[in-house]
Amino acid sequence: MLQCLSKAFYKAQEFLLLGTVDEQAPVNRLVCAVIGAGIGGTSAAYYLRQKFGSDVKIDLFERGEVGGRLATLTVEGQEYESGGSVIHPLNLHMKRFVKELGLSTVKGSDGLMGIYNGENLVFEESHWFVINVLKLVWHYGFQFLRKHMWVEDVLDKFMRIYRYQAHDYAFSSVEKLLHALGGDDFVGMLNRTLLETLEKAGFSEKFLNEIVTPIMRINYGQNMDINGFVGAVSLAGAESGLWAVEGGNKLVCSGLLQASKGNLISGSVMYIEEKTRTKQTGNPSKMYEVVYHSGSEIHSDFYDIVLVATPLNRKMSNITFLNFDPPIEEFHQYYQHIVTTFVKGQLNTTVFSSRALDKFDLSAILTTDNPNLFINSIGIVSPVKAKDNLNPSTVGAHVWKIFSQDILTKEQILKLFLSYNSVVKKSWLAYPHYKPPEKCPPIILHDRLYYLNGIEFAASAMEMSAIAAYNAALLAYHRWNEHTEMIDQEGLYEKLKTEL
């Protein structure tokens, strides 16, 4: 009933604002639409151009800013990363983009970190590497080393994706992609919590509560109940060698858009419907009509291939799929609400320690899972432009980035800071709410209609979006050209190893 009402509403608007639709397509040129101009959408446009060549026309729809969740906030005239902030040294797609686009990079923060449990600091880093090792061994035995080895094993298998994609192999579902990387173990990680996974591996409750949980809270705003695979990605994000793009990570998206020679359309996609069109050859062809709202007007265009690179969540992109047989299912998977707050001020160090401000040398504080805590983490951040990274004009006044579940009250900010000059807040749906067992949404929604963001329910990260984009572009290319042998190949790891 609701779908019928939606269709009637959209059709009435189409009649009033568009008039009748010419059912004859004017050209035979392949036309692709990418919905969403974040890192997934712009990567998809870039790879579509690489695979289909110069003849394909690519339109990108974006209702907000290019970059999507790769965004910055301005504090006293300087920009700071509010979205995806750091990139792992083994994220090869992001490294390639930066190199090919001629962008500069900056190293991640190398300050000292502490873990706060609501009463006291249960762990503090030292300037001395040897002292840090001794502290870790004293508190947790050799579990930190075992954790590092576990993450390295997952990463080693995960790196196979780059070889598969370099040879143009594609996968029709997230589960098949993961299975090609790590077999049943990787797929199984989606169906178990990180807590179950690491308890089975023999890690102690103390280590999990005081070291692993705080990392989950800062990276995904959740605890050890997330799935094991995204937990491994989160732990990898706490390793050394992290970096970012100077000027903001969103510059990768604008650079990829330009490199793809795609046409940016500022508008919000309302619905997608399959229709039969007649091209100049006289042959009828199935195409997708994309109807979108731009300014005060409604427009529509027709496409051979459509890639959806925005979460199909009613709160984030309210796209309706009309007259598909069978109907395209609606996904009821939720995204995690998180609040990012930037405060320029002097930290009240007595909240975390008895030491005075001039004796407090931690630049990042992570927290354990304590219901009495109103923040997930707090840390000093630098502007995205290196030239703006100057010493604070006021002694002790830094810009602090705070993650929390709820918007911080004035009283809570006054508790955290002795004084402050500026407060900037952003409340948003940052990444999926993980609740294993996970069933990732399909990549193939219809014959030539693809969905990238299902991979986020395995793990949400810039590199995961780039991998999903390349996979979707390869999948679209191979299915268009009927290269079935390049999709869902079994035993790829052994096959490619013997070809070397």
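These numbers come from a predicted model, not from an experiment.

Thresholds applied
- Residue numbers here run from 1 along each chain, matching the order of that chain's written sequence.
- For a predicted model such as this one, the threshold for reporting local features is a pLDDT of at least 70, and the threshold for listing and counting side-chain atom pairs is 80 or more; totals across whole chains, interfaces and linings nevertheless cover every residue.
- The basis for every side-chain value is the complete set of heavy atoms in the structure, and neither hydrogens nor water enter the calculation.
- Each helix is a run of DSSP H or I of at least 4 residues and each strand a run of E of at least 2, with the numbering of both proceeding from the N terminus.
- Radius of gyration: over C-alpha atoms. The globule rule applied is 2.2 Å multiplied by the number of residues raised to the 0.38 power.
- Only protein chains enter the accessibility calculation, which uses a 1.4 Å probe; a residue is then buried when its area is under 20% of its type maximum, exposed when over 50%, and partly exposed in between.
- In this analysis, two residues are considered to be in contact whenever any of their non-hydrogen atoms come within 4.5 Å of each other.
- Only the protein chains shown count as covering a residue, and every accessible area follows the Shrake-Rupley method with a 1.4 Å probe.
- As used here, the term nonpolar core means buried Ala, Val, Leu, Ile, Met, Phe, Trp, Tyr and Cys residues forming a set that is joined through side-chain atoms within 4.5 Å.
- Here a strand pair is declared whenever DSSP counts at least two bridges between the two strands.
- Helix axes use the C-alpha atoms of the stretch in contact, all axes being lines fitted to C-alpha atoms, and the angles between their N-to-C directions lie in the range 0 to 180 degrees.
- Note that His is not counted, nor are the chain ends; the positive residues are Lys and Arg, and the negative ones are Asp and Glu.
- Basic side-chain nitrogens of Lys or Arg form a salt bridge, by our definition, when they fall within 4 Å of a carboxyl oxygen of Asp or Glu.
- Helix span, expected: 1.5 Å multiplied by one less than the number of residues in the helix.
- Polar contact criterion, stated in full: a pair of N or O atoms within 3.5 Å, where within protein one must be able to donate a hydrogen and the other to accept it, and residues adjacent in sequence count only if both atoms are side-chain atoms.
- In predicted models, pLDDT denotes the confidence assigned by the predictor to each residue on a 0 to 100 scale.

### A word on the overall build of the chain
On a plain count of helices and strands, the chain comes out with 14 helices and 21 strands. The C-alpha atoms of the chain give a radius of gyration of 24 Å, which matches the 23 Å a tight globule of 500 residues would have. A principal-axis box enclosing the C-alpha atoms of the chain has dimensions of 80 × 55 × 45 Å. Counting every position in the chain, which comprises 500 residues, the buried fraction comes to 52%. Across the chain, every contact between residues at least 6 apart in sequence was considered, and the portion connecting residues at least 24 apart equals 75%. Within the structure as shown, the chain displays about 23000 Å² of accessible surface, and the carbon and sulfur contribution to it stands at 53%.

### Brief notes about the nonpolar core
Among the nonpolar cores identified, the biggest contains 104 residues, and Trp150, Leu178, Val212, Phe229 and Leu307 are the most heavily contacted of them. Here this core gets 13 residues from one element, more than from any other, and that element is helix α13 (residues 462-480). Sequence-distant contacts of Phe229, that is, excluding residues within four places in its chain, are made with Phe158, Leu178, Phe186, Met189, Leu190, Ala458, Ala459 and Met464. The next biggest cluster of nonpolar side chains, apart from the first, holds 22 residues, and it includes Ala33, Ile272, Val308 and Phe321.

### Remarks on the environment of Asp156
Within the secondary structure layout, Asp156 lies in helix α5 (residues 143-158). A C-alpha to C-alpha distance of 24 Å links Asp156 and Ala473, two positions 317 residues apart in sequence.

### A short note on the pairing of strand β16 (residues 362-367)
With 5 of its 6 residues buried, β16 lies for the most part within the structure. As defined by bridge partners, strand β6 (residues 112-116) adjoins β16 across 5 bridges and the pair is classed as parallel. Across the sheet, residue Tyr116 finds its bridge partner in β16, namely Thr367. Two strands pair when backbone bridges link them, and β16 and strand β17 (residues 377-380) are joined in this way by 3 bridges, in the antiparallel orientation. If you follow Leu366 over to β17, its bridge partner there is Ser377.

### A short note on the sheet that holds strand β14 (residues 320-322)
Sheet architecture is open: 4 strands sit in the order β12-β11-β10-β14, paired in mixed fashion. Looking at which strands have only one partner, the edges of the open sheet turn out to be β12 (297-303) and β14. Recorded for the sheet is a direction-independent mean angle of 25° between the axes of neighbouring strands. Of the strand pairs in this sheet, strand β10 (residues 268-278) and strand β11 (residues 284-294) are connected by 10 bridges, and their pairing is antiparallel. In the strand pairing of β11, Val269 is matched with Tyr292.

### Topic: the side chain of Arg49
Mapped onto the fold, Arg49 is located in helix α2 (residues 39-52). For the buried residue Arg49, which engages in no salt bridge, the nearest side chain bearing the opposite charge is Asp55, 7.4 Å off. Beyond its immediate stretch of four places on either side in the chain, Arg49 contacts Ser54, Asp55, Val56, Ile58, Ser260 and Lys261.

### Comments concerning the pattern of salt bridges
A side chain with one charge can pair with a side chain of the opposite charge if their charged atoms come near. According to the stated counting rule, one finds 15 salt bridges in the structure shown. The partner of Lys157 in a salt bridge is Asp153, and the shortest N-O contact between them spans 3.7 Å. Of this pair, Lys157 and Asp153 both sit in helix α5, 4 residues apart, roughly one helical turn. According to the relative accessible area criterion, Asp153 is partly exposed, its value standing at 39%. Note that Asp369 is salt-bridged to Arg217, the shortest N-O span being 3.6 Å. On the criterion of sequence distance, the pair formed by Asp369 in the loop between β16 and β17 and Arg217 in helix α9 (residues 205-220) is long-range, its members being 152 residues apart. One salt-bridge network, held together by shared partners, links Asp447, Arg448 and Arg479.

### Things to note about the sheet that holds β16
Read from one edge of the open sheet, 7 strands run β7-β6-β16-β17-β18-β15-β19, paired in mixed fashion. Strands with a single pairing partner mark the edges of an open sheet, and in this sheet they are β7 (121-124) and β19 (417-432). This sheet shows a mean twist of 20° between the axes of neighbouring strands, independent of strand direction. Relative to strand β18 (residues 397-404), β17 runs antiparallel, the two sharing 4 bridges. Bridge pairing in β18 places Ile378 opposite Ile402. Contacts between α9 and the sheet are confined to β6, β7, β15 (335-347), β16, β17, β18 and β19, with β16 contributing the most and set at about 100° to the helix.

### What about α13?
For α13, spanning 19 residues, the distance from its first C-alpha to its last is 27 Å, which sits close to the expected 27 Å at 1.5 Å a residue. Of all 19 residues in α13, 17 are buried, a share of seventy percent or more. A positive backbone phi angle near 60° is found at Glu482, which sits one or two residues after α13.

### Examining unusual backbone geometry
Here the residue pair Asp325 and Pro326 is connected by a cis peptide bond, since its omega of 0° sits within 30 degrees of zero. Mapping Pro326 onto the fold places it in the loop between β14 and β15. Between Pro436 and Pro437 the backbone carries a cis peptide bond, its omega angle lying at 5°. Residue placement: Pro437 occurs in the loop between β19 and β20 (444-446). Unusually for a residue other than glycine, Lys261 sits at a positive phi of about 55°.

### Let's talk about the environment of Ser254
By the secondary structure assignment, Ser254 is in helix α11 (residues 250-260). By relative accessible area, which is 34% here, Ser254 ends up partly exposed. Within the structure, Ser254 has its side chain in polar contact with the backbone oxygen of Leu251 (distance 3.1 Å).

### Some thoughts on the confidence of the model for the chain
Averaged over all residues, the pLDDT of the chain equals 90, while 91% of them reach at least 70. Note that residues 1-26 has pLDDT below 50 and, in this model, 40 contacts with residues that lie over four places away or in other chains.

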